[in-house]
Amino acid sequence: MLNNFFNPASIAVVGASRTPGKVGYDILNNIIRYGYRGMVYPINPGSPEILNKKAYPSLIDVPDKIDLAIIVVPSKNVLEVVEQCGSKNIDSAIIITAGFKESGIEGARLEAELIRTAKKAGLRFIGPNCLGMIDTHSKVNASFAAGMPAKGGIGFFSQSGALCLAVLDRALPDEIGFSKFISMGNKADITDTDIMLALAEDENTKVILGYIEGVGDGCKFMEVAKEVTKKKPIIILKSGITSSGAKAASSHTGALAGREAAFDAAFRQSGVIRAHTINELFNYALAFANQPLPHGPNVAIITNSGGPGILAADACDKSDLKLAPPNKEVVDELRTFLPAAASFYNPIDILGDAGADRYEKALTAVLKDEKMNGIIVLLTPTAVVDVDETAMAVINVAGNIDRPVLTSFMGKQRVESGTKNLLRYNVPNYSYPEEAVSSLNAMYRYKAWIDRPEKTYPQLDDFKVKAKHIFEKAAEENRERLSDSEVHDVLMSYGFRVPRSLFARTSEEAVAAAKGIGYPVVMKIVSPQVIHKSDMGGVKVGLESKKAVENAFFDITTRVRNIMPAAQIYGVMVQEMVRGGKEVIMGITKDPQFGHMIMFGLGGIYVEVLKDIAFRITPLSREDAHEMIRETKTFPLLRGVRGEAEADIEAIEESLLILSRMAMDFPQIIEADINPLLVKKRGEGAVAVDARFSIGGE
Ligand code: COA
């Protein structure tokens, strides 16, 4: 896949320049300088030879077959060159030239034309507005980057050329090995998903790294990522965008979503590991590219000083890793050579006077405990330790086991040659213990992802038929919201329990309704213009008597009339007062790239302050529903604290799955909240006390 990009037999540089310092010169120079073995054709109308290579006035003049064209001519000439690619049967190109979509309306128009022209010419292309591409294995450096990374297993693609340069510059001094380096530019044709699929197939790539600012087609991204992550890890650094749109959202779910929630959910549901900084991107990449995956969460920490050991232990505590104590045989063996003042449990502190020999013995002993799934070796450069020898000791042991060993030899000057050696022999070193822990944790989580059974999707009843006419009617009337009674009916159609409700136009009817339902009752204004009923004084709860109902009717209608004189007041809804249980919120929101998402949170009226929420993209699997509830910090409250009964967590899971189904059934739902869903004791279900639906579009 994309073979002509990565392993071309011949390359033409269209716009190859004679002038050093020009992009067209540097690219040609890089191709030649870094040892590309295929044919190279500089294309330049004004020169017969560039960098000792015969040059041609145009692509058409080249007598031979060309696999890859690098286009580096001014933007006004790009289309003409693309057409020439078509005439010459060239199917792959990298368009370096800027001045397209990124530069404004005119550029966007030119880019649209470029896409059309390339399609007609049968040309696939990377870019435009990119830095080029490097393949260390086929020795193609078709970029204007200053340098060539070492050969290795990291395949990197980036939407930002500048980030490519920063990553390359960081990789060069440490000789961090890459398989491919792809600057994606505007992604007008070849997209992230094309590259992910190609890197998944590439035998030189062990781990896929990406930097993205956004994705074009969210569903496709998830579909491809899910497939690829089963084979190889994908680690992505995504720059954040604050969403002003979220602030304008009318529901809690919409306000809480933001764009990052969608990406977080999409990454999580497709097994993509998210890095939050460039440093983290590197840290994870080094671990995945160099060490085997841990088979479980147990980690042993070996250290020559207390403080860093505690830092590492604290970091483990916050992660999914576990600091398991070594078994008795290992402790007994450690006692045979460690001083009495050493710590034999985890972290294993072999003390500040430890030399390479003590490190090697401790590491070998700890590895005899089969339950240790990974080891982190910490070193503080004391006066007695020989860093280089210790690095070699770690390398000797790590090279012979199929469990991950990561190190944190701290400091810089004194540890530098040792840490370079570690990396040379595939043991990644981290400046700080926490980084080693979070990298091992990322590996453990990834292992759990590839080992997890296939997700299960529930077989639910066909609820849609009963609710369809409600959505159709609202659409016919061009309404953006469902009325209270419509919401009530939709929820009922989908099997939600709702409080018994009766509509009343007059005070007398309200009293009769309350009698029918049974005291105490709740009363709510019914008016199409009143959305936030409580804010308008349109809700009264705990009405215990006929008198209270009569007064409430008067109060509610008068207050709303005073605040919103233009509002049409149809009457009130008298509702059963549901008591007891835990208040949770769940909802639907729509992301422009990933579509419908389901939200879950605890906290009742405080939900927007606490932001203790979880999102998943639809369709939700049973596992998604299970996990998202447990992901919230306040989950223990549902389990019950201080003797409280456990809430009906299964009912919440079921409700989330049904809500997901509802979102799939009705693409026109823009936002929905069930707030609160009152969750009763285990086995007693939940009641949707209040809900809101915004609709429109598809
Ligand atoms: N076919 C072949 N060669 C052509 C040509 C054509 N149709 N049109 C021009 N050329 C040649 C020129 O003769 C020149 O060679 P010379 O220097 O030996 O005379 C060479 O191509 C470059 O053309 P020039 O007009 O000098 O352009 P430039 O080098 O100033 O700029 C780009 C060209 C593509 C580099 C520039 O338009 C650009 O897009 N720069 C930004 C690139 C970028 O930042 N990309 C994103 C990185 S993340």
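These numbers were taken from a predicted model, which means no experiment stands behind them. (Residues numbered from 1 in each chain as written. Predicted model: local features only at pLDDT ≥ 70, side-chain atom pairs only at ≥ 80, totals over all residues. Heavy atoms only, no water.)

Caption draft 1: Highlighting the overall build of the protein. A count of helices and strands for the protein gives 24 helices and 28 strands. Expressed as lengths along the three principal axes of its C-alpha atoms, the size of the protein is roughly 100 × 80 × 40 Å. Contacts in the protein between residues far apart in sequence, at least 24 positions, make up 71% of those at least 6 positions apart. Looking at the protein as shown, the accessible area adds up to about 29,900 Å², and 52% of this sits on carbon and sulfur atoms. (Helix = DSSP H or I, 4+ residues; strand = E, 2+ residues; numbered from the N terminus. Contact = heavy atoms within 4.5 Å. Areas by Shrake-Rupley, 256 points an atom, 1.4 Å probe, with all protein chains shown as cover.)

Caption draft 2: Local environment of helix α14 (residues 387-398). Over its 12 residues, α14 extends 16 Å from the first C-alpha to the last, a length consistent with the 16 Å expected when each residue adds 1.5 Å. Taken as a whole, α14 has its buried residues at Val 387, Thr 390, Ala 391, Ala 393, Val 394, Ile 395, Val 397 and Ala 398. Those residues of α14 hidden inside the fold are in contact with α13 (356-367), β17 (374-379), β18 (405-409) and α15 (416-424). (Expected span 1.5 Å × (residues − 1). Buried < 20%, exposed > 50% of the residue type's maximum accessible area, 1.4 Å probe, protein only.)

Caption draft 3: A look at the pairing of strand β10 (residues 150-158). Most of β10 is tucked away, with seven of its nine residues classed as buried. Two strands pair when backbone bridges link them, and β10 and strand β11 (residues 177-183) are joined in this way by seven bridges, in the parallel orientation. Note on β11: the bridge partner recorded for Phe 157 is Ile 182. Of the crossover connections in this fold, the one passing from β10 over helix α5 (residues 161-171) to the parallel β11 is right-handed. Sheet analysis places β10 next to strand β12 (residues 207-212), joined by five bridges and oriented parallel. By the bridge assignment, Gly 155 is partnered in β12 with Ile 208. (Pairing = 2+ DSSP bridges. Right-handed = clockwise from strand over helix to strand, strands pointing away.)

Caption draft 4: How the structure looks around the packing of aromatic side chains. Tallying each qualifying case throughout the model produces 10 aromatic pairs. Centroid distance Phe 178 to Phe 181: 4.8 Å. Interplanar angle 55 degrees. Geometry classified as tilted. There is no split in this pair, since Phe 178 and Phe 181 are both buried. For the pair Phe 471 and Phe 666, a centre-to-centre distance of 4.0 Å together with 20 degrees between the ring planes defines the contact as stacked. Of this pair, Phe 471 sits in helix α17 (residues 464-476) while Phe 666 is found in the loop between α24 (649-665) and β26 (669-679), placing the two residues 195 residues apart along the sequence. (Phe/Tyr/Trp six-rings, centres within 6.5 Å; stacked < 30°, edge-to-face > 60°.)

Caption draft 5: Representation of the side chain of Ser 439. Tracing the backbone through its elements, the reader meets Ser 439 in helix α16 (residues 433-451). When residues no more than four places from it in sequence are discounted, the contact partners of Ser 439 are Asn 283, Tyr 284, Ala 287, Leu 406 and Tyr 430.

Caption draft 6: Broad picture of the pattern of salt bridges. Counted under the stated rule, the structure contains 42 salt bridges. A salt bridge links Glu 111 to Lys 101; the shortest N-O distance between them is 3.9 Å. Here Lys 101 lies in the loop between β6 (92-95) and α4 (105-121) and Glu 111 lies in helix α4, a separation of 10 residues in the sequence. By relative accessible area, Lys 101 is classed as partly exposed at 47%. The partner of Arg 124 in a salt bridge is Asp 194, and the shortest N-O contact between them spans 3.3 Å. Of this pair, Arg 124 sits in strand β7 (residues 124-126) while Asp 194 sits in helix α6 (residues 192-201), and the two are 70 residues apart along the sequence. Judged by its relative accessible area of 13%, Asp 194 falls in the buried class. (Salt bridge = Lys/Arg side-chain N within 4 Å of Asp/Glu carboxyl O.)

Caption draft 7: Looking closely at the site of the ligand. What surrounds the ligand is a group of 22 residues, the closest being Ser 17, Arg 18, Lys 22, Asn 44 and Ala 98. With respect to the ligand, the backbone of Gly 15 contributes an N or O atom lying 3.4 Å from an oxygen atom. Contact distances for the ligand include 2.7 Å between an oxygen atom and a backbone N or O atom of Ala 98. In isolation the ligand has 960 Å² of accessible area, and contact with the protein removes 71% of it. Here the shell around the ligand is composed, by residue class, of 12 nonpolar, eight polar and two charged. (Near = heavy atom within 4 Å. Polar contact = N/O pair within 3.5 Å; in protein donor to acceptor, adjacent residues only side chain to side chain. Nonpolar A, V, L, I, M, F, W, Y, C, P; charged D, E, K, R; others polar.)

Caption draft 8: A look at the sheet that holds strand β9 (residues 140-143). Here we have seven strands laid out as an open sheet, ordered β9-β8-β11-β10-β12-β13-β14, and mixed in their pairing. Each having just a single partner strand, β9 and β14 (273-275) make up the two edges of the open sheet. Direction aside, the axes of adjacent strands within the sheet are offset by 25 degrees on average. (Axes fitted to C-alpha atoms, helices over the stretch in contact; angles between N-to-C directions.)

Caption draft 9: View of the packing of α17 against helix α18 (residues 484-493). Axis separation between α17 and α18 bottoms out at 8 Å; the angle between their running directions is 155 degrees. By the angle class used here, α17 and α18 are roughly antiparallel. As α17 packs across α18, the resulting crossing turns out to be left-handed. For the pair formed by α17 and α18, the contact residues are Lys 466, Ala 467, Ile 470, Phe 471 and Lys 473 on the first element and Glu 486, Asp 489, Val 490 and Ser 493 on the second. Here the contact of α17 with α18 is composed, by residue class, of four nonpolar, one polar and four charged. (Parallel < 35°, antiparallel > 145°, perpendicular 65-115°, else oblique. Left-handed = near helix turned anticlockwise from the far one by under 90°.)

Caption draft 10: The pairing of β6, seen in detail. The two faces of β6 match: Ser 92 and Ile 94 on one face and Ala 93 and Ile 95 on the other face are all buried. The sheet contact formed by strand β5 (residues 68-71) and β6 spans three bridges and is parallel. Its bridge partner being in β6, Ile 70 is matched across the sheet by Ile 94. Where the polypeptide runs from β5 across helix α3 (residues 75-87) and back to β6, its parallel neighbour, the crossover connection is right-handed.

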